[in-house]
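What follows is each chain in one-letter form.
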Protein chains: 2
Amino acid sequence: MGRSAESFRPPTRLQILSELRKGTRCVTDMEEILPVTQVNISQHLTVLRNAKLVDFAQDGALRCYYLCRPKLVDGILDPLAADFPVIRKTKEQIDREKERAKRKPVASRG
Amino acid sequence: MGRSAESFRPPTRLQILSELRKGTRCVTDMEEILPVTQVNISQHLTVLRNAKLVDFAQDGALRCYYLCRPKLVDGILDPLAADFPVIRKTKEQIDREKERAKRKPVASRG
DNA sequence: ATAGAATATTAGAATGTTCTTATATCATGT
DNA sequence: ACATGATATAAGAACATTCTAATATTCTAT
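Small disclaimer: the values here were computed from a predicted structure and weren't measured. (Residues numbered from 1 in each chain as written. Chains lettered and ligands numbered in written order. Predicted model: local features only at pLDDT ≥ 70, side-chain atom pairs only at ≥ 80, totals over all residues. Heavy atoms only, no water.)

Here's the deal with the overall build of chain A
Argument step 1. For chain A, the helix and strand inventory stands at five helices and two strands.
Argument step 2. Helices and strands appear in chain A in the N-to-C order α-α-α-β-β-α-α.
Argument step 3. Considering only intrachain contacts with a sequence separation of at least 6, the fraction spanning at least 24 residues in chain A is 46%. (Helix = DSSP H or I, 4+ residues; strand = E, 2+ residues; numbered from the N terminus. Contact = heavy atoms within 4.5 Å.)

Looking at the protein's contact with DNA strand D
Argument step 1. Near DNA strand D there are 29 residues, and of these A:Thr28, A:Ser42, A:Tyr65, B:Arg13 and B:His44 occur at the shortest range.
Argument step 2. In DNA strand D, atoms within 4 Å of the protein come 70% from sugar and phosphate.
Argument step 3. Contact between DNA strand D and A:Gln43: a base nitrogen at 3.3 Å from a side-chain N or O atom of the residue.
Argument step 4. Between DNA strand D and A:Tyr65 there is a distance of 2.2 Å, counted from a phosphate oxygen to a side-chain nitrogen or oxygen. (Near = heavy atom within 4 Å. Polar contact = N/O pair within 3.5 Å; in protein donor to acceptor, adjacent residues only side chain to side chain.)

So, the protein's contact with DNA strand C
Argument step 1. Looking at DNA strand C, there are 28 residues lining it, with A:Arg13, A:His44, B:Thr28, B:Ser42 and B:Tyr65 nearest.
Argument step 2. Expressed as a percentage, the sugar and phosphate content of the atoms of DNA strand C within 4 Å of the protein is 65%.
Argument step 3. Within the side chain of B:Gln38, one N or O atom sits 2.8 Å away from a base nitrogen of DNA strand C.
Argument step 4. B:Ser42 is positioned with one of its side-chain polar atoms (N or O) 2.7 Å from a phosphate oxygen of DNA strand C.
Argument step 5. Only helix H1 (12-22), helix H3 (38-50) and helix H5 (91-103) of chain A together with helix H2 (27-33), helix H3 (38-50) and strand S2 (62-67) of chain B provide two or more residues apiece to the surface near DNA strand C.
Argument step 6. When residues of the surface near DNA strand C are assigned to their parent elements, the largest contribution, five residues, is made by H3(B).
Argument step 7. Considered class by class, the residues forming the surface near DNA strand C number eleven nonpolar, eleven polar and six charged. (Nonpolar A, V, L, I, M, F, W, Y, C, P; charged D, E, K, R; others polar.)

Here we look at the confidence of the model for chain A
Residues and elements named next belong to chain A.
Argument step 1. Averaged over all residues, the pLDDT of chain A is 80; the fraction at 70 or higher stands at 73%.
Argument step 2. The low-confidence segment residues 85-89, where pLDDT is below 50, has nine contacts with residues more than four positions distant or belonging to other chains.
Argument step 3. Predicted confidence is poor over residues 102-110, with pLDDT under 50, and the contacts of this stretch with residues over four places away or in other chains come to two contacts. (pLDDT = per-residue confidence, 0-100.)

Side note on the pattern of salt bridges
Argument step 1. One pass over the full model with this rule turns up eight salt bridges over all chains.
Argument step 2. Note that A:Arg25 is salt-bridged to A:Glu19, the shortest N-O span being 3.0 Å. The pair formed by A:Arg25 and A:Glu19 is uniform in burial state, with each residue classed as buried.
Argument step 3. B:Lys22 serves as the salt-bridge partner of B:Glu19, at 2.9 Å between the closest nitrogen and oxygen. With B:Glu19 and B:Lys22 both in helix H1 (residues 12-22) and three residues apart, the pair spans about one turn of that helix. Here B:Glu19 matches B:Lys22 in class, with each residue buried.
Argument step 4. Here the salt bridges share partners, and the residues they tie into one network are A:Glu19, A:Lys22 and A:Arg25. (Salt bridge = Lys/Arg side-chain N within 4 Å of Asp/Glu carboxyl O. Buried < 20%, exposed > 50% of the residue type's maximum accessible area, 1.4 Å probe, protein only.)

This is the structure we're talking about:
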């Protein structure tokens, strides 16, 4: 409801995936980066592990997590950031507008 | 629980913001792109409007939504997609590892 | 005035995420 | 064996998101 623009934050699970795209990370690494607790991070990692999106290599007491299906994660994250600052209308959008104009041919529409 | 990797989907609200980064979109445009109903899209747009992240220009019966704080949205979305395929350890990560090594100077750690 | 297209509102259920607290496991150094 | 650091599990509350169904509003053309 009264959520302000500044408080918008990407969901933790996506942030974790994003972090792991940059390289192997242990839980402590992520604790220092994400604004959530160790417990919450572990919970998400468990979910991601069950989904076979991540796995870890144990290094002493550390668990170094990594993406085990990076291409799949690309498919999830890349579309979110694809920026097309120049093209303001896509081909598809123009086609849809043509469709609409065809169904009802109006004059005043730039 | 048994969520599979393929079923991972970016949250609708972020997808909407992402769509709007590409240009002005009306609700019907987004309906054809996102796997959710018109109602759900309208609901999210209301939230985003209240948060002053988006606004619309009315064009006949269409409401053409656009980002009214694109820089802010960049700040939300860009970090998710920042990909560093080469650098596997960031400076910060190396620093943290040094810190740990200082606190307990161990031999077997490559 | 009426119809149809586009969009919005409302309300409730279902589901998902986050937070909190407490406790447990495992590895390492002493 | 014990302490400590790193991580995990469990369980419940709080909150957010999604879905569904029904209904309402606005605009445009007839």
